[in-house]
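Overview (structure and organization)
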Amino acid sequence: MNLTLDQITHRYSGMPVLQEISLEIPAGEILCIVGPSGCGKSTLLRLIGGLEKPDEGQVLQLGTPPEGCLNPLTYVFQDFALLPWRTVGGNISLVLEDHGIKGRAADAIIDDVLARTKLSDFRKALPRQLSGGMKQRVAIARALAVNPAVMLLDEPLSALDAQTRELLMDDLLALWTRAPFTAVYVTHNLNEAVRLGHRIAVLSRRPGRVREVVEIDIPLAERHAGLARLDEVQAHLWGLMRDEAMAADQELLDV
Amino acid sequence: MSDATLPGEPRATAARPVPFRGGGFRPEAKRGVGLMVFVVLLLVIEWGTRAGWIGNLTLPRPSDVGATLWDLAASGRLWEHLGPSLSRLAVGSLLGVTTGIAVGVAIGLFSYARAGLVPLVAAIFPIPKIALLPLFVIWFGIDEPSKYALIALGTFTPTVTSTYGAVDNVDRTLIRMGQSFGLSWWSIVSKIVLPGALPGILSGLRVSLAIGIILLVAAEMLGAEYGIGAYVLQAGALYDLERLFAGVVILSVIGVLVSWLIGLAEKRLLRWRG
Ligand SMILES: Nc1ncnc2c1ncn2[C@@H]1O[C@H](COP(=O)(O)OP(=O)(O)OP(=O)(O)O)[C@@H](O)[C@H]1O
Ligand SMILES: [Mg+2]
């Protein structure tokens with residue numbers, strides 16, 4: 001299933017936040033979105049996932065979601081959004097219950113996704129007993145459980161420390177290599193963007209427009225820290241972003 | 001050869017531990033302290049009444065109150081009073097609390113319920129319910145129903161207020177999460193909103209039920225032969241301080257018991273908070 005964003009413009013109380021955004025999200029690819037703070041990245045993700053309606057333009061779904069897909073557009077949130085009163089297993093079964101998947105069938109799915117995110121031993125743990133990295137892995141496991149056509153990740157690693165982030169990035173890469181998924185990945189971190197993104201869309205400061213879409217033709221599995229080409233792209237991205245970020249910062253000071 | 005001291009820094013000053021200034025602001029469960037406070041207070045009053053610096057019209061002697069309580073229990077008349085009182089409290093507050101939670105959740109979820117009912121609740125809340133007792137007697141008769149109604153109304157308003165506050169405080173990102181996974185409206189309410197509001201609802205219940213106990217006495221002012229409230233009021237009318245205080249002690253004990261039960265419910269239902 002492919003997604004197409006067609007000329008999306010969105011305003012909050014008259015103030016444009018996103019302007020004429022057009023992007024392609026082909027199946028099996030990770031599209032990273034970077035941009036200065038407040039340029040509307042989270043808003044764009046909410047529009048893509050149907051949590052909000054764009055003022056103008058539309059988000060189009062091309063083709064049907066694959067067989068067995070319970071929730072085509074599935075989010076992974078920056079702050080994990082786990083129910084504190086449910087165990088790890090319970091948090092995953094939450095999203096299965098409404099599809100009538102209970103008992104054995106649910107257990108099988110839960111075991112599978114927990115194994116894929118290396119959490120099998122923590123099925124009965126409560127969120128407060130987990131570290132930040134583990135909580136985000138639970139959230140990823142929960143997203144995998146509904147077999148999404150497109151994963152929408154809003155700064156999924158931003159709440160984590162640098163080491164945990166590195167490890168989770170490897171986990172995401174491994175997950176993708178085993179079974180390629182489609183994803184829109186919003187981040188502040190250019191290093192994450194060049195490691196995970198097949199394509200990287202750079203947004204300008206508010207109102208967000210697409211400044212450039214950078215394509216990286218190195219397979220995800222072959223990307224690792226210190227690769228010259230990645231550093232090059234990262235420097236290019238930073239060049240694009242720096243002026244925007246500085247200008248955005250200035251704007252906030254002027255308010 | 002010098003140590004790595006910064007220029008100008010005085011050397012060889014005495015080493016002192018950094019003063020501790022953390023801690024506090026986190027009350028812990030201290031066993032027996034509550035009981036100690038009661039015991040000390042009672043001993044002081046006992047001493048005062050015996051020594052004479054508390055007049056016997058100011059406060060009754062705790063030991064006399066104890067004896068009165070003992071007589072009451074031994075003669076079996078305690079249950080004559082306690083039974084009706086407890087059933088009134090149970091029925092009345094059950095009615096008030098369940099409707100209060102239902103209305104509170106509705107206010108928390110629906111714009112029209114909020115717009116329409118919040119002012120109404122705010123208008124009902126400050127009315128002294130005791131003042132409405134004659135009205136209830138006309139509506140429901142002098143028997144039990146008017147007492148149930150009074151207690152129900154009295155527990156209803158604080159329950160509504162605390163419930164919709166608790167629903168408002170449920171983490172919106174959790175609700176967004178539920179929507180993003182396509183959960184049904186009912187699933188979001190029952191699996192996300194209600195459990196998230198439960199801590200607030202339970203702590204609101206403490207206030208509601210205490211008000212219920214206060215109104216129990218008020219309800220028994222009119223046309224009740226039996227009941228702790230009736231017992232206290234009769235004693236008060238006769239200036240029988242021992243019996244008055246015996247009744248007050250029983251009310252306090254009911255209050256402590258109710259609060260303990262809620263504490264128990266919190267421990268069991270909110271284990272996830274750790
Ligand atoms: N629900 C809302 N109502 C009104 N304004 C909003 C709302 N959500 C976001 N905004 C505004 O829209 C702009 C874009 O917000 P958004 O959260 O999408 O930015 P972002 O790129 O995700 O920022 P960050 O990098 O800080 O996460 C901001 O100026 C924000 O104040
Ligand atoms: Mg954001």
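In the block above lies the structure referred to throughout.
Next up on the list: the overall build of chain A. Scanning chain A from N- to C-terminus turns up seven helices and nine strands. What you see for chain A is a C-alpha radius of gyration of 18 Å, in line with the 18 Å of a compact globule of 255 residues. Viewed in the frame of its principal axes, chain A has a C-alpha envelope of about 55 × 40 × 35 Å. For chain A, the proportion of contacts with a sequence separation of at least 24, taken over those separated by at least 6, is 72%. For chain A, the exposed area adds up to about 11300 Å²; of that, 50% sits on carbon and sulfur atoms. Between the mean site of the 26 positive side-chain charges and the mean site of the 33 negative ones, chain A shows a separation of 6 Å.

Quick look at the side chain of B:Lys191 now. Among the secondary structure elements, B:Lys191 is positioned in helix H8 (residues 185–219). Its relative accessible area of 17% is what places B:Lys191 among the buried residues. Setting aside chain neighbours within four positions, we find B:Lys191 in contact with A:Leu83, A:Trp85, A:Arg86, A:Leu94, A:Glu97 and A:Asp98.

The subject of this paragraph is the interface of chain A and chain B. Between chain A and chain B, the residue contacts involve 23 residues of the former and 19 residues of the latter. Counting each side, the surface lost to burial between chain A and chain B is near 1800 Å², with a carbon and sulfur contribution of 69%. Viewed at the interface, chain B and chain A are joined by two salt bridges. For the side of chain A that touches chain B, the secondary structure elements donating two or more residues are strand E5 (73–76), helix H2 (88–97) and helix H4 (132–145) of chain A. Residues belonging to the side of chain A that touches chain B are distributed by class as follows: 14 nonpolar, three polar and six charged.

Right, let's get into the layout of surface pockets. All names here are of chain B. Of the voids in this model, the largest pocket is the one considered here, and its volume is about 650 Å³. In this structure, the largest pocket is lined by 20 residues; those nearest its centre are Phe38, Leu42, Val249, Ser252 and Val253. No other element matches helix H1 (residues 33–51), which puts seven residues into the lining of the largest pocket. In this structure, the second largest pocket encloses a volume near 410 Å³. Surrounding the second largest pocket, 13 residues form its lining, Ala29, Lys30, Arg31, Trp260 and Lys267 being those nearest its centre. Looking at the lining of the second largest pocket, the elements that each hand over two or more residues are H1 and helix H10 (241–269). With five residues, the single largest contributor to the lining of the second largest pocket is H10. Split by residue class, the lining of the second largest pocket holds five nonpolar, four polar and four charged.

Next up on the list: the environment of B:Ser252. With respect to the helices and strands, B:Ser252 occurs in helix H10. Along the primary structure B:Ser252 and B:Gly76 are separated by 176 residues, whereas in three dimensions their C-alpha atoms are 20 Å apart.

Quick notes on the rules
Residues numbered from 1 in each chain as written. Chains lettered and ligands numbered in written order. Predicted model: local features only at pLDDT ≥ 70, side-chain atom pairs only at ≥ 80, totals over all residues. Heavy atoms only, no water. Helix = DSSP H or I, 4+ residues; strand = E, 2+ residues; numbered from the N terminus. Rg over C-alpha atoms; globule rule 2.2 N^0.38 Å. Contact = heavy atoms within 4.5 Å. Areas by Shrake-Rupley, 256 points an atom, 1.4 Å probe, with all protein chains shown as cover. Lys, Arg positive; Asp, Glu negative; His and termini not counted. Charge placed at Lys NZ, Arg CZ, Asp CG, Glu CD. Buried < 20%, exposed > 50% of the residue type's maximum accessible area, 1.4 Å probe, protein only. Buried area = accessible area lost by both parts, 1.4 Å probe. Salt bridge = Lys/Arg side-chain N within 4 Å of Asp/Glu carboxyl O. Nonpolar A, V, L, I, M, F, W, Y, C, P; charged D, E, K, R; others polar. 1 Å grid on protein atoms, 1.4 Å probe; cavity = no way out; pocket = protein on both sides within 12 Å on 5 of 7 lines; lining within 4 Å. Points joined across faces, edges and corners; volume = space filled by probe spheres on them.

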